[in-house]
Amino acid sequence: MDLDAAEDAAAQFLKALGVSTDSESLRGTPGRMARAYAELFSPRSFDLTTFPNDEGYDELVLARSIPLRSVCEHHLLPFVGTAHVGYLPGARILGLSKLARVVEHFACRPQVQERLTKQVADWLQENLDPKGVGVVIDAEHTCMTLRGVQATGTRTLTSTLLGILRTDARTRAEFLACTGVTGKA
């Protein structure tokens, strides 16, 4: 990342929109903008930690309400919400913090919610080889609530279900019920 170039570009962007940065309170804004977007686009690194499923655990493992923040790739405005990520273990189980880390990893870039949901699920499927994976994301997009249609309070739900969570109706229903998304109006 070139923060100096980003700061210069932010200053030019604000100037092009007629926002003067001459006042004391706005003088540092281009630098703050550059650092803010750099932070939004920089996931923390992590190592995938898996362990043998020695006990043969074969029930759902679900992390609910993982905080989520990303940036809409169409407007570069934030969307925020929660992700519910679960899997049915195969030969290995995952360190639980890694479910949140995977969400953060894919969310730290200009993104659309549909792709983000699928990327998290596909990554877990490829790296863990579980019997099934489920991801549900519930988010508010400021590109829709603060501008344009200004549909305040609107939330978007997306889901990706793989393996037995997709093919077995009972397992799918259990996952969706455990996420708390079934029955929401």
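Coordinates for the structure precede this section.
Summarised in this report is the structure supplied together with it. (Residues numbered from 1 in each chain as written. Predicted model: local features only at pLDDT ≥ 70, side-chain atom pairs only at ≥ 80, totals over all residues. Heavy atoms only, no water.)

**Considerations on the overall build of the protein**
The test is simple: Helical segments are the DSSP runs of H or I of at least four residues, strand segments are the runs of E of at least two, and each set is numbered from the N terminus. Each residue is assigned to one of three classes by its accessible area relative to the maximum for its type, calculated with a 1.4 Å probe on protein chains only: buried under 20%, partly exposed between the two thresholds, exposed over 50%.
Across its full length, the protein carries seven helices and seven strands. When the elements of the protein are put in sequence order from the N terminus, they spell out α-α-β-β-β-β-α-β-α-β-α-β-α-α. Counting only C-alpha atoms, the protein reaches 65 × 40 × 20 Å along its principal axes. Evaluated residue by residue, the protein yields a buried proportion of 38% over its 185 residues.

**Remarks on the pattern of salt bridges**
We count it as follows: Here, a salt bridge means any Lys or Arg side-chain nitrogen found within 4 Å of an Asp or Glu carboxyl oxygen.
With the rule as written, the count across this model stands at five salt bridges. Residues R44 and E104 are paired through a salt bridge, measuring 2.7 Å at the closest nitrogen-oxygen approach. Taken together, the residues span a long stretch of sequence, with R44 in the loop between α2 (29-40) and β1 (50-52) and E104 in helix α3 (residues 97-107) at a distance of 60 residues.

**Points about the nonpolar core**
What counts, and what does not: Side-chain atoms within 4.5 Å are what join buried Ala, Val, Leu, Ile, Met, Phe, Trp, Tyr and Cys residues into a set we call a nonpolar core. Here a residue-residue contact requires only that any non-hydrogen atoms of the pair lie within 4.5 Å.
Core analysis: the largest hydrophobic core is formed by 27 residues, its most contacted members being V85, L99, L116, V120 and L124. At six residues, the largest contribution of residues to this core is made by helix α4 (residues 113-128). Discounting residues that sit within four places of it in the chain, L99 has contacts with A63, I66, V85, Y87, L94 and L124. Counting residues in hydrophobic clusters, the runner-up holds eight residues, among them L60, L88, L161 and L165.

**Here we look at helix α7 (residues 169-179)**
This is how the line gets drawn: Regarding the arc, it is the one traced by the directions from the helix axis to the C-beta atoms.
Along α7, the residues classified as buried are T171, F175, L176 and T179. The arc that holds the buried residues of α7, viewed along the axis, is 130°, so those residues lie on one side. Counted as exposed and oriented over 90 degrees from the buried face of α7: A169 and R170. Two residues or fewer after α7 comes G180, characterised by a positive phi angle close to 85°.

**Digging into α4**
Our working rule: The span expected for a helix works out to 1.5 Å for each residue beyond the first.
Taking 1.5 Å per residue as the helical rise, α4 with its 16 residues ought to reach 22 Å, and the 22 Å between its terminal C-alpha atoms agrees with that figure. Taken as a whole, α4 has its buried residues at Q113, L116, T117, Q119, V120, A121, W123, L124 and L128. After α4 finishes, the residue D129 shows a positive phi value of roughly 50°.

**Thoughts on the packing of aromatic side chains**
Applicable threshold: Between 30 and 60 degrees the pair is tilted, below 30 it is stacked and above 60 it is edge-to-face, where a pair is any two Phe, Tyr or Trp rings, Trp via its six-membered ring, whose centres lie within 6.5 Å.
By the definition in use, this model includes two aromatic pairs. When the ring of Y37 is compared with that of F41, the centres are 5.8 Å apart and the planes differ by 50°; the resulting orientation is tilted. Exposure remark for Y37: the relative accessible area of 28% places this residue in the partly exposed category. Residue classification places F41 among the partly exposed positions, given a relative accessible area of 25%.

**Comments concerning the side chain of Q111**
Which entries qualify depends on this criterion: Definition of a polar contact: a pair of N or O atoms within 3.5 Å, with one able to donate and the other able to accept a hydrogen when the atoms are protein atoms, and with sequence-neighbouring residues admitted only if both atoms are side-chain atoms.
Looking at the element boundaries, Q111 is found in strand β5 (residues 110-111). Reaching out from Q111, the side chain makes a polar contact with the backbone oxygen of F106 at a distance of 3.0 Å. Excluding residues that lie within four positions of it along the chain, Q111 makes contacts with S70, V71, C72, E73, F79, F106, L116 and Q119.

**Describing the state of the cysteines**
The condition that has to hold: The term disulfide is used for any two cysteine sulfur atoms that are within 2.5 Å.
Applying the stated rule across the entire model yields zero disulfides. Unpaired in this structure, C108 has its nearest cysteine sulfur neighbour in C72, at a distance of 15 Å. A relative accessible area of 4% places C108 in the buried class.

**Focus: the pairing of strand β6 (residues 132-141)**
Counted only if it meets this: We treat two strands as partners when DSSP finds at least two bridges between them.
For β6, the buried fraction is high: nine of the ten residues fall into the buried class. As paired strands, strand β3 (residues 78-88) and β6 are joined by ten bridges and run antiparallel to one another. Residue pairing in the sheet places T82 in a bridge with D138 of β6. Bridging between β6 and strand β7 (residues 156-163) involves eight bridges; their strand directions are antiparallel. Across the sheet, V136 pairs through a bridge with S159, a residue of β7.

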